[in-house]
Amino acid sequence: MKFAVIGKDVSKSLSPKMHSFILRQMGKESVYDAISLSEEDFPHKIEALLDEYDGLNITIPYKESIMKYLVFFKGDASKFGAVNTVVNKKRMGYNTDGFGFAALMAGEGLQLKRKTVLVLGAGGAGRCCIKTLMAAKADVHVYERELSRLKAVYSEFGGFAPYTAVPDCRFDIIVNCTGIGMHDTEGYAPVVPTRSGQNILPSLLSKCGAAVDLIYEPKQSEFLRIADGFHRQTANGAAMLFYQAYAADCIFFDKMPDVETANRLWRKYREVNA
């Protein structure tokens, strides 16, 4: 069977390596490709790719835009309003990011219930994190620089504090869902402004309990480097990528994902790729 990850730039993606490992462990013969598509090419080429491949994994920035090409949505795809996994024959969209994010946080020992969590970015990844955090009964705060996007997500989800300017206060956990810090923005961290326009990200990271970046390449983003400089607990998105990949592969082959198996495979993957 043929699978692929699709994003604006997946040239450094670990998805092919991770999915190939997981599928081999499942005893499945498969091909797994990485396909970079510009935003101009995406609408012209996605239909052909849906026909060519058995399943697709979708990453930045197409988790929302893929939905118009699909017919059915299952589980978290409907709740999050974003898709990261497609069973092409059925044009069925799923989202395994919630499974991956929850497993990442649990693996890092980060309790979410009644914790104040600041999410940076309300795109496809941000939507997943917001919903997962709300379900875990965290006190969720969301910064999004695009007011129209923030209003749309708040209108749809509610239940969180929306910001286009952030108060300089302590959050237990800060999660970067913006994508800033990888590819052509490597070496940069998100700008988090106050009402006066001052960038307070370093101040926020100096006070937080933990900083989590969904970026995994580079292993230490500028966001995490700043947090590490203040001796905060930090985690990148590699474990989340693996966990959501495992859940996606279970969908492709009609298996029920379970955390124990996911953890076992993640440990084995890290041993092989130390």
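This next bit is on the overall build of the chain. Summing up its helical and strand segments, the chain has 10 helices and 12 strands in all. Considering only C-alpha atoms, the chain reaches an extent of 50 × 40 × 35 Å along its principal axes. Buried residues in the chain amount to 52% of all 274 residues. Within the chain, contacts between residues at least 6 apart in sequence are counted, and of these 62% link residues at least 24 apart. Per element, the accessible surface of the chain, about 12,700 Å² overall, is 49% carbon and sulfur. Charge centroids of the chain, computed over 34 positive and 31 negative side chains, lie 5 Å from each other.

This part is about the side chain of Thr96. Mapping Thr96 onto the fold places it in the loop between strand 6 (92-94) and helix 4 (97-107). Here Thr96 falls in the buried class, since its relative accessible area comes to 4%. Among the polar contacts made by the side chain of Thr96, one reaches the main-chain carbonyl oxygen of Gln244 at a distance of 2.9 Å. Excluding residues within four positions of it along the chain, Thr96 makes contact with Asn84, Thr85, Gln244, Ala247, Ala248 and Ile251.

Right, let's get into helix 2 (residues 42-52). When we look at burial in helix 2, the residues that qualify are Phe42, Ile46, Leu49 and Leu50. What you see down the axis of helix 2 is that its buried residues fit within an arc of 100°, all on one side. Among the exposed residues of helix 2, those pointing more than 90 degrees away from its buried face are His44 and Asp51. On the buried face of helix 2, the contacting elements are strand 1 (2-7), strand 2 (31-36), strand 3 (55-58) and strand 5 (85-87).

Attention now moves to the sheet that holds strand 4 (residues 72-73). Spatial ordering of the open sheet is given by 2-1-3-5-6-4, a layout of six strands whose pairing is mixed. Of all the strands in the sheet, just strand 2 and strand 4 have a single pairing partner and so form its edges. With six bridges joining them, strand 1 and strand 2 adopt parallel strand pairing. Within strand 2, the residue paired with Ile6 across the bridge is Ile35. Docked against the sheet, helix 1 (residues 15-25) engages strand 1, strand 2 and strand 3, running at close to 165° with respect to strand 2. Here helix 2 sits on the sheet and contacts strand 1, strand 2, strand 3 and strand 5; the angle it forms with strand 1, its principal contact strand, is near 165°.

Among the nonpolar cores identified, the biggest contains 57 residues, and Phe101, Ile130, Val212, Leu214 and Phe242 are the most heavily contacted of them. No other element matches helix 9 (residues 238-252), which puts 10 residues into this core. For Phe242, the residues in contact, after removing those within four places along its chain, are Met18, Phe21, Ile22, Ala262, Leu265, Trp266 and Tyr269.

Overall, the coordinates contain 12 salt bridges when judged by the stated rule. Lys207 is paired through a salt bridge with Asp168; the nearest N and O atoms lie 2.7 Å apart. Residue Lys207 is located in helix 7 (residues 201-207), and its partner Asp168 is located in the loop between strand 9 (161-163) and strand 10 (173-176); the two are separated by 39 residues in the primary sequence. Accessibility expressed as a relative area gives 42% for Asp168, which makes it partly exposed. A salt bridge links Arg170 to Asp172; the nearest nitrogen and oxygen atoms lie 2.6 Å apart. The class of Asp172 is buried, set by a relative accessible area of 19%. Each of Glu47, Asp51 and Arg91 takes part in one network of salt bridges that share partners.

Two numbers describe how helix 5 (residues 124-135) lies on helix 6 (residues 147-157): the axes approach to 12 Å, and their chain directions differ by 35°. The handedness of the crossing between helix 5 and helix 6 comes out as right-handed. Counted together, Arg127, Ile130, Lys131 and Met134 of helix 5 and Val153, Glu156 and Phe157 of helix 6 form the full contact between these two elements.

Turning our eyes to something else, we now look at a positive patch on the surface. Residues Lys113, Arg114, Lys115 and Lys137 make up a contiguous surface patch of positive charge. Along the chain, the position of Lys113 falls in the loop between helix 4 and strand 7 (116-120). For Lys113, a relative accessible area of 47% gives the class partly exposed.

What is expected of a backbone is that most residues other than glycine have negative phi and most peptide bonds are trans. Cis peptide bonds are those with omega within 30 degrees of zero, and the linkage from Ile60 to Pro61 qualifies with 5°. Assignment of secondary structure puts Pro61 in the loop between strand 3 and strand 4. Cis rather than trans, the peptide bond between Glu217 and Pro218 has omega equal to 5°. Relative to the assigned elements, Pro218 resides in the loop between strand 11 (210-213) and helix 8 (222-229). The phi torsion at His183 lies on the positive side, around 55°, for a residue other than glycine. Along the chain, His183 falls in the loop between strand 10 and helix 7.

Rules and cut-offs
Residues numbered from 1 in each chain as written. Predicted model: local features only at pLDDT ≥ 70, side-chain atom pairs only at ≥ 80, totals over all residues. Heavy atoms only, no water. Helix = DSSP H or I, 4+ residues; strand = E, 2+ residues; numbered from the N terminus. Buried < 20%, exposed > 50% of the residue type's maximum accessible area, 1.4 Å probe, protein only. Contact = heavy atoms within 4.5 Å. Areas by Shrake-Rupley, 256 points an atom, 1.4 Å probe, with all protein chains shown as cover. Lys, Arg positive; Asp, Glu negative; His and termini not counted. Charge placed at Lys NZ, Arg CZ, Asp CG, Glu CD. Polar contact = N/O pair within 3.5 Å; in protein donor to acceptor, adjacent residues only side chain to side chain. Arc of directions from axis to C-beta. Pairing = 2+ DSSP bridges. Axes fitted to C-alpha atoms, helices over the stretch in contact; angles between N-to-C directions. Core = buried A, V, L, I, M, F, W, Y, C linked by side-chain atoms within 4.5 Å. Salt bridge = Lys/Arg side-chain N within 4 Å of Asp/Glu carboxyl O. Left-handed = near helix turned anticlockwise from the far one by under 90°. Patch = residues over 30% accessible without salt bridge, like charges linked within 9 Å, V, L, I, M, F, W, Y side chains within 5 Å.

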